[in-house]
Amino acid sequence: MHIVTLDSDTDFDGWRQAARALAMNNVKPADVTWRVQGETADLFDDQAETKLPEVPEGTFSVPASFVELAQSAILHRDQSRFGLLYRLLWRLRSNHDLMTIATDPDVAQAHAMARAVRRDEHKMHAFVRFREIGRERETRYVAWFEPEHHIVELAAPFFARRFADMPWSILTPDLCAHWDGSRVSFTPGVAKAEAPSEDRLEEVWRRYYASIFNPARLKVKAMEKEMPKKYWQNLPEASLIKPLITSATQRTGAMIAEPGTEPHKPQKRVEETAMTRKPKTKESKAYDDAGDLERLREEAAHCRACPLWKNATQTVFGEGPPHAPLMLVGEQPGDKEDLAGHPFVGPAGQMLDRALEEAGIDRTKVYVTNAVKHFKFVPRGKIRLHQKPATPEIKACRQWYEREVAAIRPALVVALGATAAQSVFGKITPVNKSRGHVVELPDGIKAIVTVHPSYLLRLPDAEAKAREYERFVEDLKLAGAAMKRSARAA
Ligand code: URA
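Cut-offs used in this document
- Residues numbered from 1 in each chain as written.
- Predicted model: local features only at pLDDT ≥ 70, side-chain atom pairs only at ≥ 80, totals over all residues.
- Heavy atoms only, no water.
- Near = heavy atom within 4 Å.
- Polar contact = N/O pair within 3.5 Å; in protein donor to acceptor, adjacent residues only side chain to side chain.
- Areas by Shrake-Rupley, 256 points an atom, 1.4 Å probe, with all protein chains shown as cover.
- Pairing = 2+ DSSP bridges.
- Helix = DSSP H or I, 4+ residues; strand = E, 2+ residues; numbered from the N terminus.
- Contact = heavy atoms within 4.5 Å.
- Axes fitted to C-alpha atoms, helices over the stretch in contact; angles between N-to-C directions.
- Core = buried A, V, L, I, M, F, W, Y, C linked by side-chain atoms within 4.5 Å.
- Buried < 20%, exposed > 50% of the residue type's maximum accessible area, 1.4 Å probe, protein only.
- Expected span 1.5 Å × (residues − 1).
- Salt bridge = Lys/Arg side-chain N within 4 Å of Asp/Glu carboxyl O.
- pLDDT = per-residue confidence, 0-100.
- Parallel < 35°, antiparallel > 145°, perpendicular 65-115°, else oblique.
- Left-handed = near helix turned anticlockwise from the far one by under 90°.
- 1 Å grid on protein atoms, 1.4 Å probe; cavity = no way out; pocket = protein on both sides within 12 Å on 5 of 7 lines; lining within 4 Å.
- Points joined across faces, edges and corners; volume = space filled by probe spheres on them.
- Nonpolar A, V, L, I, M, F, W, Y, C, P; charged D, E, K, R; others polar.

Focus: the site of the ligand
- Near the ligand the following residues occur: Gly330, Glu331, Gln332, Pro333, Gly334, Glu337, Pro343, Phe344, Asn370 and His452.
- Gln332 is positioned with one of its backbone polar atoms (N or O) 3.0 Å from a nitrogen atom of the ligand.
- Contact distances for the ligand include 2.6 Å between an oxygen atom and a side-chain N or O atom of His452.
- Within the complex, the protein chains bury 94% of what would otherwise be the 230 Å² of accessible surface of the ligand.

What follows is the structure, given as structure tokens:
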């Protein structure tokens, strides 16, 4: 029996070196026990670590996909991961294509582990909340987080980029990460009692959360899935969740009961019916139900097709009914959307909600998404300044828009602004020239272009603002009518 002791739970290099030496000496997976330095007593505790055999002459190579997978899976908390990865490596020597067999139990298990690790990393990005301790020059921001897997080293660079100008520490039971403005360092894990609990940032978070909470769009199950209860204890806004849910029904009722704004007579609401759905096309056959959209969303959460993921908090995927007859496409998530993980929840979203309502379109029946799904910004002190996405970023992200369209099969797509138009039409499309008429796209989907709601927010002149807002509502009405026409013709 060979006993290999790795330096730490994340010691990929140590594992790789040992696995290579063992495999090249034909040591069978069943004859190796893997453990980590400092682990508590187990069956083999009284057995000394065995010396690794010499590496004989020669080499053998493994596919890059295996190395990439192993680097993620090794961060899983399951103790069996080292053995599983060694078994895969061993088997790859006689079957170089092993990694392409998705149904192989070892391959499937390693992928499941890597997925769990990535999900955990994503949750850490989204749910770490810093608390301010000390004052002025001594100020430091400290957060407590309990990761499921060994992801602190993996996730730390994200926080260094994102909160580059504030000194922070993330404390966890496994390992603590610290940023001093130029370098990330790590110290051993600590108990929760060492993390601060309340401070003045709490109130800011609570106010922010309450402001983006839209009772009309409340889906408790989906919310709990995205923000699992176990993270609530560290989220300042968590204390608001229960009261907001309780009051949501009353607030929704009140919103519906509110009188409509004159002089715009609301059109009949857009209902999702079999009539208003676009029939399946050949290419959309693969996408059948809400489950497909959920799978897309999960896949997009790990998108690395352009560098924008590095600084953004998370992918902000589209939202709405899986067979919505109408799809609205914006530019990219803004600061609030990036933090909340939902499209159009900030000021532009509020403007859009108002205009949709005036146009007689029920937002809960519409699928709302963005051409680019990560927030692009430059930090300016504590503010994150929005940056327009560049063409390579729009192109890199277009796959998600195409797959959303194929899954949903809307009767009509509305492009909000130039970036959305570029994605929807697949080429630069000036808004003013294309505005006001319905265009049929090569895939048979109909589309309309209008301005982006944040264009209206930026207009300095009140008169121009009111005029442009009216035009925007008119465009949305046109979209509502065109959608119904197109669905009837289908
Ligand atoms: N602007 C957009 O284009 N999309 C959002 O989700 C928010 C603001």
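Things to note about the sheet that holds strand β13 (residues 439–440)
- Here we have 5 strands laid out as an open sheet, ordered β9-β8-β12-β14-β13, and mixed in their pairing. With partners counted over all chains shown, the strands left at the sheet margins are β9 (366–370) and β13, one partner each.
- Across 2 bridges, β13 lies against strand β14 (residues 446–450) in antiparallel orientation. For Glu440, the partnering residue across the bridge sits in β14 and is Lys446.
- Lying over the sheet, helix α13 (residues 418–425) contacts β8 (326–330), β12 (412–416), β13 and β14, oriented at roughly 140° with respect to β12.

Some remarks on the nonpolar core
- One finds Leu328, Val329, Leu412, Val413, Val424 and Phe472 to be the most contacted residues of the largest nonpolar core, which totals 59 residues.
- The biggest single contributor to this core is helix α12 (residues 391–408), with 8 residues.
- In this structure Val329 touches Thr369, Asn370, Ala371, Tyr401, Val413, Val414, Ala415, Leu416, Ala420 and Val424, once residues within four positions along its chain are discounted.

Notes on the side chain of Arg81
- Looking at the secondary structure, you find Arg81 in helix α3 (residues 81–92).
- A distance of 3.0 Å separates the side chain of Arg81 from the side chain of Asp9, its partner in a polar contact.
- If sequence neighbours within four positions are ignored, Arg81 has contacts with Asp9, Ala73, Ile74, Leu75, His76, Met113 and His150.

So, helix α4 (residues 105–127)
- Taking 1.5 Å as the rise per residue, α4 with 23 residues should run 33 Å; its terminal C-alpha atoms sit 32 Å apart, in good agreement.
- N-cap assignment for α4: the residue whose side-chain oxygen lies 2.9 Å from the backbone N of Asp106 is Asp104.

Here we look at the pattern of salt bridges
- All chains considered together, the criterion is met by 22 salt bridges.
- In this structure, the salt-bridge partner of Asp104 is Arg91, at a minimum N-O distance of 2.6 Å. Residue Asp104 is located in the loop between α3 and α4, and its partner Arg91 is located in helix α3; the two are separated by 13 residues in the primary sequence.
- Linking Arg435 and Asp475 is a salt bridge whose minimum nitrogen-to-oxygen distance equals 2.6 Å. Of the two residues, Arg435 sits in the loop between α14 (431–434) and β13 while Asp475 sits in helix α16 (residues 462–489), which places them 40 residues apart along the sequence. Grouping residues by exposure puts Arg435 and Asp475 together as buried.
- Taken together, the shared-partner salt bridges connect Arg87, Arg91, Asp104 and Asp106 into one network.

Focus on the confidence of the model for the protein
- For the protein, the mean per-residue pLDDT works out to 84, and 79% of the residues sit at or above 70.
- Considering only residues more than four positions removed or in separate chains, one finds that residues 258–289, a stretch of pLDDT under 50, has 61 contacts.

Some details on the packing of helix α1 (residues 12–24) against α3
- Close contact between α1 and α3 brings their axes to 10 Å; oriented N to C, the two are set at 45°. One finds that α1 runs oblique with respect to α3. In terms of crossing hand, the pair formed by α1 and α3 is right-handed. Residue-level inspection shows Trp15, Ala19, Arg20, Leu22 and Ala23 of α1 in contact with α3, the latter providing Phe82, Leu85, Tyr86, Leu89 and Trp90.

Observations regarding the sheet that holds strand β6 (residues 175–179)
- Read across the open sheet, the 5 strands follow the order β3-β4-β5-β6-β7; overall the sheet is mixed. Each having just a single partner strand, β3 (131–133) and β7 (184–188) make up the two edges of the open sheet. Ignoring strand direction, the axes of neighbouring strands in this sheet form an average angle of 25°.
- Bridge analysis of strand β5 (residues 168–171) against β6 gives 3 bridges, and the strand direction is antiparallel. Each bridged residue has a counterpart across the sheet, and for Ser169 the counterpart in β6 is His178.

Here's the deal with empty space enclosed by the protein
- Inspection of every chain in the model, using the stated rule, returns 2 cavities of 30 Å³ or more.
- In this model, the largest cavity occupies a volume close to 130 Å³.
- The wall of the largest cavity is formed by 13 residues, among which His122, His125, Ala301, Arg304 and Trp309 lie closest to the centre.
- A breakdown of the residues in the lining of the largest cavity according to their chemical character gives 3 nonpolar, 7 polar and 3 charged.

Here we look at unusual backbone geometry
- With phi around 55°, Asn26 is a residue other than glycine that occupies positive phi space.
- Note that Asn26 resides in the loop between α1 and β2 (32–36).
- Backbone geometry at Arg409 places phi at a positive 55°, although glycine is not the residue there.
- Position of Arg409 among the secondary structure elements: in the loop between α12 and β12.
- Looking at Arg409, the relative accessible area reads 10%, which means it is buried.

Focus: the side chain of Thr313
- Along the polypeptide, Thr313 turns up in the loop between α9 (290–300) and β8.
- Judged by its relative accessible area of 4%, Thr313 is buried.
- Within the structure, the side chain of Thr313 is placed 2.4 Å from the side chain of Arg162, a separation counted as a polar contact.
- At a separation of 2.5 Å, a polar atom in the side chain of Thr313 contacts the side chain of Asp338.
- Each residue touching Thr313, except ones within four places of it in the same chain, is listed here: His125, Ala126, Phe158, Arg162, Asp338, Leu339 and Arg384.

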